[in-house]
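Examination of the molecular architecture
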Amino acid sequence: MDSFRLGSGTVATERSFNDPDQKQEASIGVYGEIEKPIAEALARWVDLMRRRAGLVLSVATAVTLGVALYAATHLELNADLDRMFSEELPHRVLELERLKRFPHVDDNILIIIDGATIEQAGDAAQALAERMRAAGDVFDEVYLPRDSFFEDHALLYMETGDLDDLADRLARVQPYLAGLAKDGTLRGLANMLERAVAAVRDGDFSGAELVPMFDRFQEAISARLDDAPYRLSWAAVIAGRELDIHERRYFVIAQPVIDFSKFVAGRTVMETIDRFVDELGLRDVEGLRVRVTGDIALSYEEMTLVESQAVMAALASLLMVSVLLSLALRSARLVLATVVTLIMGLVATMGFATAAVGHVNVISIGFAVLFIGLSVDFAIHFCMRYQELIRAGSPHELALRETAHGVGSSILLCAVTTAIGFYAFVPTDFSGVAELGLIAGTGMFIGTLFCFTTLPAMISLGRGEAAAAVATATVQAESSEAPFSTRHPRRVASLAVVLGLGAVFLLPEVRFDHNPVNVRDPSAESVQALEEIIADGGDSPWDMSAVAPDLEAAEELAAKLRELDEVEQVLTVNDFVPGDQDEKLAILEDVAMFLAPAPAADGSVPAPEMEEQLEALHSLHSQLARLLRDGGDEELLNSARRLLAVLAPLLEKAATGEVGAATVATLEESLLGSLPAQLSMLERAVNVGPISIEKLPSGLLARMVSADGAALVRISPREDLNDNDALERFVTSVVGVVPEATGSARTIYENGRVAVDAFQQALVAAVVVIAILLLVIWRTFGETLLVMAPLALASVMTTAIAVLTGIPFNYADIIVLPLLLGIGVDSGIHLVHRARSTHEQGDHLLETSTAYAVLFSSLTTISSFGSLALASHRGMASLGQLLAVGVGVAVLCNLLFLPAFIELRSRWQRHGGLAPPDEGSA
């Protein structure tokens, strides 16, 4: 039997090309010198699987179950994001050296506590820190940057002029503070304000200091009448201004006990913090906001999301692939055989990952979706060629053999080229992607093995039913004329050139996003908190640091760094020792002489009855009314009117019984609750002594001076480092002064450079190795160029689309272009391989089962990667989006432009280098 009729054309078998003339006509024939023995060996192997189908499936099932159990009990997840890059990189070596001296700056939890008042935030931070310190099995160290030391010495850290102004303000309000110190109740506050108003009316007092007090009193009463929360900040009253968010923000920094081998590292730590927040009642307090971020929190939320979405993406991928397989094959038996083959291959790949690597990371955990999306291509080509032969009347046994002989070498070659796209990352310093490359690259060979083993065995188990099913499957319509791309190859090729040039024009606009936060889930609390404080600038966790041998060298280095425009602040341990202490201590000594002592909680002042409280409020009301009748400063009068507007209804409701003792007590607490602690803190703050380095808190010293005396220099950026250009300016300027500088900002910048270098290295390696491989196997430059040209076009077009649609290149999707070469070359190999036979038989390439297989395999790959594109995790989403776009563009180039290129080359050869014009051309 020399050939089989397939649809409207003919598929030649091996015997058809034993004639030397036929070999010359089709370049080197269907099979090259290397491919022929491979094709024959695969045909014999598949025939063996057919004859031993039951045994093969029994062994495969047993092995799959064993490997699944092994992987489930031994495969770990490496959640340590630092290990995503080689520890031998120069910046990683510097970072590890610094961590040996200053271990407290790594793997931290950062808890951000914002309060409506500074007192509210401070109390919450202190309470939470104390609970965390008590959990020594969960937290190695808990550090409160604004602890009692800095609260007690806060006035020494003020500028001398500002401290002088504060002293004058305290002197003016001293009589009123003294009154409140004696009677810190609502009655005492009302009596104090009444006396102050009387002093204004008598001309003894300007009343300027009363405006903020009137306004706060009015806000407290309004909140009480509306049953809304309110708490007066006496720190703001004493400061004489509203405190901004930085002053009302506290940080708790903790270094937890962590096990990165756990599937979701940090779960115990995060759950413990959540429990403490709930137990302390900090969750739903009005005005209080507690958020958790930092390395461990980001890793925890990242891996929790990836854990769920990676599994969901794999299941969604398998489901969508199954649906498309049903449309492509229209045979339940073949679809089932393909799905079972995919599952077995996936489990085997997981077993390889367990044995060879031992873990998966945040990037390599996506290998399952990649495996399904790519390995299904092998099965589709196998099954569609098998269907084609069955429809042509070939018996099952011969159809399987000829399928393996006809497409087997192409499938194997495609597995090699796809694996090259993955393996190209293995030698790079981007360890996270290198591990993915090793696992997924090997997975291509595992998928191929199962394609030639399990798949034919599954088909053969029900060969009678399968043959009947596939015989009625997709029927290709006959066509009276060739497709447009082969009738008008010059026009199609010209379009390819135009698209290619347009895409190349956009290449300079390509940017790599260094920011690792931008590949995370934007809805995660840790991400939102980190983005906020980074954009804020002043408290940015993205900073740099340098290590000096001693304090003197640290000061010299700091002086140079302060001259940089990109640097906002440079700190050494000396900067935590206030300047001008003698002058400031003298001012504080004067304040201490006239400042009223803090109220003693000894019960010496009996708590007033409600009637006494209301009587004092009535007296204040009367005094305010007189002030308005007398006239005076307009600002003071307007403030008094606002206070009267809420005080009058409060007293009316009290008279009718609508306002009771509980309401009055709540009003008193909201106005005066923080006063005793604030007066006590103020009393301590004016009675401190001088500060030296030795007196600084031990937690701070451990972060600024190492055990061997080395001093840390901390360098903060002036700009928002969410901007990639700002990040580059900051890092390069600092490194220009201190080449050994390290820190999160440099790590992010350098990791980005490593990722880009890995991309370039892998891209060049993939192109070179794939091209050489094709040349070695096919022994013809022309056919190699036919395969590579659409790939080059698809690559630049994919990049251009990414630029136009705003899909960024980042740590997650940087693998796309090298991988696209490995994926896209598969379709080209199949089409060029098939074109060798269809050309001499007069068939149309796009009407063969190979073209349909290319189309459907690309659709299954796109749908598989599309499951990633829908993820809320921005890294997974961008990877899925770019892969889906890339594969879509690649199939367009292979099915539209490649046939035109093949036709042009054929015409060139037939007419001695002079290609005739397109059909219909003049």
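Before any of the text, the structure's been laid out above.
First, a word on scope: everything that follows refers to the structure included in this document. For clarity, every value in this text was computed on a predicted model and none was experimentally measured.

Quick look at the overall build of the protein
Within the protein, the secondary structure is distributed over 34 helices and 11 strands. A total of 922 residues make up the protein; the buried ones form 56% of that total. Summarising the internal contacts of the protein: among those between residues at least 6 apart in sequence, 81% fall at separations of at least 24. A total of about 37500 Å² of accessible surface is found on the protein, and carbon and sulfur atoms cover 56% of it.

Thoughts on the pairing of strand S5 (residues 139–143)
Burial runs high along S5: 4 of the 5 residues are buried. Note that S5 and strand S6 (residues 249–256) share 4 bridges and pair antiparallel. Bridging from a neighbouring strand, Phe139 pairs with Pro256 of S6.

Topic: the state of the cysteines
As enumerated under the stated definition, the model contains 0 disulfides in all. In this structure Cys451 is a free cysteine whose sulfur lies 7.4 Å from that of Cys383, the closest cysteine sulfur available. With a relative accessible area of 1%, Cys451 lands in the buried category.

Some points on the sheet that holds S6
With antiparallel pairing, the 4 strands of this open sheet are ordered in space as S5-S6-S4-S7. With one partner strand each, in any of the chains shown, S5 and strand S7 (289–293) form the two edges of the open sheet. For this sheet the average axis-to-axis angle between neighbouring strands, irrespective of direction, equals 20°. Inspection of the sheet shows strand S4 (residues 109–114) paired to S6 by 6 bridges, in the antiparallel sense. Bridge pairing links Ile111 to Val252 in S6. The strands that helix H5 (residues 118–134) touches are S4, S5 and S6; relative to S6, the one it contacts most, it runs at about 10°.

Overview of the sheet that holds strand S9 (residues 544–548)
Spatially, 3 strands are ordered S9-S11-S10 in an open sheet, and the strand pairing comes out antiparallel. What marks the edges here is a single partner per strand, and that holds for S9 and strand S10 (567–571). In this sheet, neighbouring strand axes are inclined to one another by 20° on average, regardless of whether the strands run parallel or antiparallel. Two elements, S10 and strand S11 (residues 711–717), share 4 bridges in a ladder whose sense is antiparallel. Within S11, the position partnered with Val567 by the bridge is Pro717.

Focus on the pattern of salt bridges
The full count for this structure, using the stated rule, is 32 salt bridges. The salt bridge partner of Arg562 is Asp575, with a shortest N-O separation of 3.1 Å. Of this pair, Arg562 sits in the loop between helix H22 (551–561) and S10 while Asp575 sits in the loop between S10 and helix H23 (581–594), placing them 13 residues apart in sequence. On the basis of relative accessibility, which here comes to 34%, the residue Asp575 falls in the partly exposed class. The closest approach of N and O atoms between Arg753 and Glu750, which form a salt bridge, is 3.6 Å. Pair noted here: Arg753 and Glu750 are both in helix H30 (residues 744–778), with a separation of 3 residues, about one helical turn. On the basis of relative accessible area, Glu750 is assigned to the buried category, the value being 12%. Here the salt bridges do not stand alone but share partners, grouping Asp114, Arg249, Arg289, Arg291 and Glu532 into one network.

A few points about a negative patch on the surface
Taken together, the side chains of Glu159, Asp162, Asp164, Asp165, Asp168, Asp580, Asp582 and Glu583 present a region of like negative charge at the surface. Of the residues forming the negative patch, the biggest block, 4 residues, is contributed by helix H7 (residues 160–182). Among the residues examined, Asp580 registers a relative accessible area of 54% and is labelled exposed.

Observations regarding helix H24 (residues 610–630)
Under the 1.5 Å per step criterion, the end-to-end length of H24 is 31 Å for 21 residues, consistent within 8% with the ideal 30 Å. Within the span of H24, buried status applies to Gln613, Leu614, Ala616, Leu617, Leu620, Gln623, Leu624 and Leu627. Of the surrounding secondary structure, the elements contacted by the buried residues of H24 are helix H8 (186–201), helix H9 (210–225), helix H25 (634–656) and helix H26 (661–672). One or two residues past the end of H24 sits Gly631, with phi positive at roughly 80°.

Some thoughts on the packing of aromatic side chains
Enumeration according to the criterion identifies 8 aromatic pairs in this entry. Judged by centre distance (6.1 Å) and plane angle (80°), the rings of Phe85 and Tyr811 are edge-to-face. Taken as a pair, Phe85 in the loop between strand S3 (76–77) and helix H4 (90–101) and Tyr811 in the loop between helix H31 (781–805) and helix H32 (816–841) lie far apart in primary sequence, 726 residues in all. As far as burial versus exposure is concerned, Phe85 and Tyr811 are alike and both buried.

The rules behind these values
- Residues numbered from 1 in each chain as written.
- Predicted model: local features only at pLDDT ≥ 70, side-chain atom pairs only at ≥ 80, totals over all residues.
- Heavy atoms only, no water.
- Helix = DSSP H or I, 4+ residues; strand = E, 2+ residues; numbered from the N terminus.
- Buried < 20%, exposed > 50% of the residue type's maximum accessible area, 1.4 Å probe, protein only.
- Contact = heavy atoms within 4.5 Å.
- Areas by Shrake-Rupley, 256 points an atom, 1.4 Å probe, with all protein chains shown as cover.
- Pairing = 2+ DSSP bridges.
- Disulfide = S-S within 2.5 Å.
- Axes fitted to C-alpha atoms, helices over the stretch in contact; angles between N-to-C directions.
- Salt bridge = Lys/Arg side-chain N within 4 Å of Asp/Glu carboxyl O.
- Patch = residues over 30% accessible without salt bridge, like charges linked within 9 Å, V, L, I, M, F, W, Y side chains within 5 Å.
- Lys, Arg positive; Asp, Glu negative; His and termini not counted.
- Charge placed at Lys NZ, Arg CZ, Asp CG, Glu CD.
- Expected span 1.5 Å × (residues − 1).
- Phe/Tyr/Trp six-rings, centres within 6.5 Å; stacked < 30°, edge-to-face > 60°.

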